[in-house]
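# Topology and contacts: notes
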Amino acid sequence: MNPLLKIGALYELQDYNILSRADILEAVAQEYELTTTDLIDNKSRTPEYVIPRHIYAYLCRDMTNFKLVKIGDYINKNHTTIVHSVKIMHDYMRLDKIIKKRVSNIKIKLKLKECTA
């Protein structure tokens, strides 16, 4: 078999995600009682908006194989912001039990959505 065909098939599989970025953003918004528009368009740097955006980036990275640029484009952020968000979330998950619990709740909802897809 042609090795390029194998690479092409693997590439197609890597881009396949059951969960969409919209699914993840919606689940985060619901958990924090915000709208998805709030999370995308609001430029506020207050924890009320920043933490849910960090969680969105973390979950996209953890539960999908979207590239950093695609994750960031969806919420009007660049890829370096997404890298920073994921690093911050690792610290939050280790230090803050409330955030860890909320992330866990969101993941459960998303996994249920995956099972019904």
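A brief look at the structure comes next. (Residues numbered from 1 in each chain as written. Predicted model: local features only at pLDDT ≥ 70, side-chain atom pairs only at ≥ 80, totals over all residues. Heavy atoms only, no water.)

The next thing to look at is the overall build of the protein chain. Within the protein chain, the regular secondary structure consists of seven helices and zero strands. Traced from its N-terminal end to its C-terminal end, the protein chain shows the element sequence α-α-α-α-α-α-α. Per-residue burial for the protein chain yields a buried fraction of 35% across its 117 residues. By sequence separation, contacts in the protein chain at least 24 residues apart represent 65% of the contacts at least 6 residues apart. For the protein chain, the exposed area adds up to about 7600 Å²; of that, 57% sits on carbon and sulfur atoms. (Helix = DSSP H or I, 4+ residues; strand = E, 2+ residues; numbered from the N terminus. Buried < 20%, exposed > 50% of the residue type's maximum accessible area, 1.4 Å probe, protein only. Contact = heavy atoms within 4.5 Å. Areas by Shrake-Rupley, 256 points an atom, 1.4 Å probe, with all protein chains shown as cover.)

For the rest of this paragraph, the subject is the packing of aromatic side chains. A complete count under the given rule lists one aromatic pair for this structure. It is arginine 21 that lies over the ring of phenylalanine 66; its NZ or CZ is 5.3 Å from the centre. (Phe/Tyr/Trp six-rings, centres within 6.5 Å; stacked < 30°, edge-to-face > 60°. Lys NZ or Arg CZ within 6 Å of the ring centre and 35° of its normal.)

What follows covers the environment of lysine 113. Take lysine 113: it is sitting in helix H7 (residues 97–116). Measuring from C-alpha to C-alpha, the distance between lysine 113 and leucine 19 comes to 8.1 Å, with 94 residues separating the pair along the chain. Once you skip the residues sitting within four places of it in the chain, lysine 113 turns out to touch Leu19 and Asp23.

Attention now moves to the nonpolar core. Ranked by size, the top nonpolar core spans 31 residues in total, and within it Val28, Ile55, Tyr56, Leu59, Val103 and Leu110 carry the most contacts. No other element matches helix H4 (residues 47–63), which puts nine residues into this core. Setting aside anything within four residues of it in sequence, one finds tyrosine 56 in contact with Arg21, Ile24, Leu25, Val28, Ile71, Tyr74 and Ile75. (Core = buried A, V, L, I, M, F, W, Y, C linked by side-chain atoms within 4.5 Å.)

A separate point is unusual backbone geometry. For glutamate 33, which is not glycine, the phi dihedral falls at a positive 55°. Following the sequence through the fold, glutamate 33 ends up in the loop between helix H2 (21–31) and helix H3 (36–41). The class of glutamate 33 is exposed, set by a relative accessible area of 75%. The backbone phi angle of asparagine 76 is positive, close to 60°, even though this residue is not glycine. Residue position: asparagine 76 is located in the loop between helix H5 (68–74) and helix H6 (79–95). When its relative accessible area of 46% is taken as the criterion, asparagine 76 is described as partly exposed.

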